[in-house]
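Listed here are the chains, written in short residue letters.
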Amino acid sequence: MTMWMMLLAAAQGDASIVVTGKRLDEALAACRQGKCTALQDARVSVAMAEKQFRDGDYRSAKSTLHEAIGRTKRFAASDPKPVAALYEAYGTITRHDGDMRQFQMAVGSQYRILRDHLPAKDPAVSDAAIALGDMWLKQGNANDAEAAYADAERLARVAGSDVRLLTASVRRIALADARGDPEKAKRLLAGLEGERAATSPLYRSALSTLRLRRAIRQSDDAEVARLMPQVAAQSGARPSLVYAPPLEGKIGRAHV
């Protein structure tokens, strides 16, 4: 199940419309006639766009979602998650289509809808902030990416989500290293070690692996030798990926 399908599943509302088999075309027609709630419209439109995308009809998938956004965006305040899910799906397709301007618009709109109409403690808001940072990074805008990841950290603390906090922080650390600022990366990593979650075995293992990756990139043989047994002991029998070469070419086909 895609992330935005899970977002729809988490939203409350009437799920009476079936969106599989022969009924999908009929359900979409009903939504186009204004007979659906925002949640119903989002579910039907996302299901149709996913089918069109799988069939290679990217233009129709993009059009289906664009039309659904037009029908439902007025419900952003009352039904933020379904409307945001439509923007997320639209962003996925426009990025695949190479339309980076629409991709930027979609991800930004998704974030603003969730930020403005959900409590800050809702994990969907910090997830959207991370997605916003990823979008800016893909656009080559490191400053805005850094700001979005920092905001995601703040929101993750409000939500009490250790996983999201770690996700956003690791991105900030990687970004600092990529921008040639290892001292900032080191400070951020030290800050992570002071978080409440740092007492958990999973969190400690992730931090040790992160330190090892940085040591490998910096060719710090002494630090690698020091950390390797620690990482091996924390990971147990399960290996930790500390390095992966860039993959060349396309791997499979993307699915929304």
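Basis of the calculations
- Residues numbered from 1 in each chain as written.
- Predicted model: local features only at pLDDT ≥ 70, side-chain atom pairs only at ≥ 80, totals over all residues.
- Heavy atoms only, no water.
- Disulfide = S-S within 2.5 Å.
- Salt bridge = Lys/Arg side-chain N within 4 Å of Asp/Glu carboxyl O.
- Helix = DSSP H or I, 4+ residues; strand = E, 2+ residues; numbered from the N terminus.
- Buried < 20%, exposed > 50% of the residue type's maximum accessible area, 1.4 Å probe, protein only.
- Axes fitted to C-alpha atoms, helices over the stretch in contact; angles between N-to-C directions.
- Parallel < 35°, antiparallel > 145°, perpendicular 65-115°, else oblique.
- Left-handed = near helix turned anticlockwise from the far one by under 90°.
- Contact = heavy atoms within 4.5 Å.
- Nonpolar A, V, L, I, M, F, W, Y, C, P; charged D, E, K, R; others polar.

**Q** Would you explain the state of the cysteines in this entry?
**A** For the structure shown, the criterion picks out 1 disulfide. One disulfide bridge connects Cys31 with Cys36, the sulfur atoms lying 2.1 Å from each other. Between Cys31 and Cys36, the S-S torsion sits near -90°, and that sign places the bridge as left-handed.

**Q** What is the right way to look at the pattern of salt bridges in this model?
**A** A side chain of one charge can pair with a side chain of the opposite charge if their charged atoms are brought near each other. In the structure shown here, the tally under the stated rule is 15 salt bridges. Measuring nitrogen to oxygen at the nearest pair gives 3.4 Å for the salt bridge that ties Lys62 to Asp97. One end of the pair, Lys62, is in helix α4 (residues 58-72); the other, Asp97, is in the loop between α5 (80-96) and α6 (100-117), with 35 residues separating them in the sequence. The class of Lys62 is buried, set by a relative accessible area of 17%. Looking at Asp97, the relative accessible area reads 43%, which means it is partly exposed. The salt bridge involving Arg172 is made with Glu153; its shortest N-O contact spans 2.6 Å.

**Q** It is not clear to me how the packing of α5 against α6 should be interpreted in this structure. Could you clarify?
**A** Packed helices, taken two at a time, are described by the angle their axes make and the gap between the axes. In the contact formed by α5 and α6, the axes pass within 8 Å of each other and the chain directions differ by 160°. It follows that α5 is roughly antiparallel to α6 by the angle criterion. Crossing of α5 over α6 shows left-handed handedness. For the pair α5 and α6, contact is made by Pro80, Lys81, Val83, Ala84, Tyr87, Glu88, Tyr90, Gly91, Thr94 and Arg95 and by Met100, Gln102, Phe103, Met105, Ala106, Ser109, Gln110, Ile113, Leu114 and His117, respectively. Looking at the contact of α5 with α6, its residues break down into 11 nonpolar, 6 polar and 3 charged.

Function-wise, these values are silent; they only describe arrangement.
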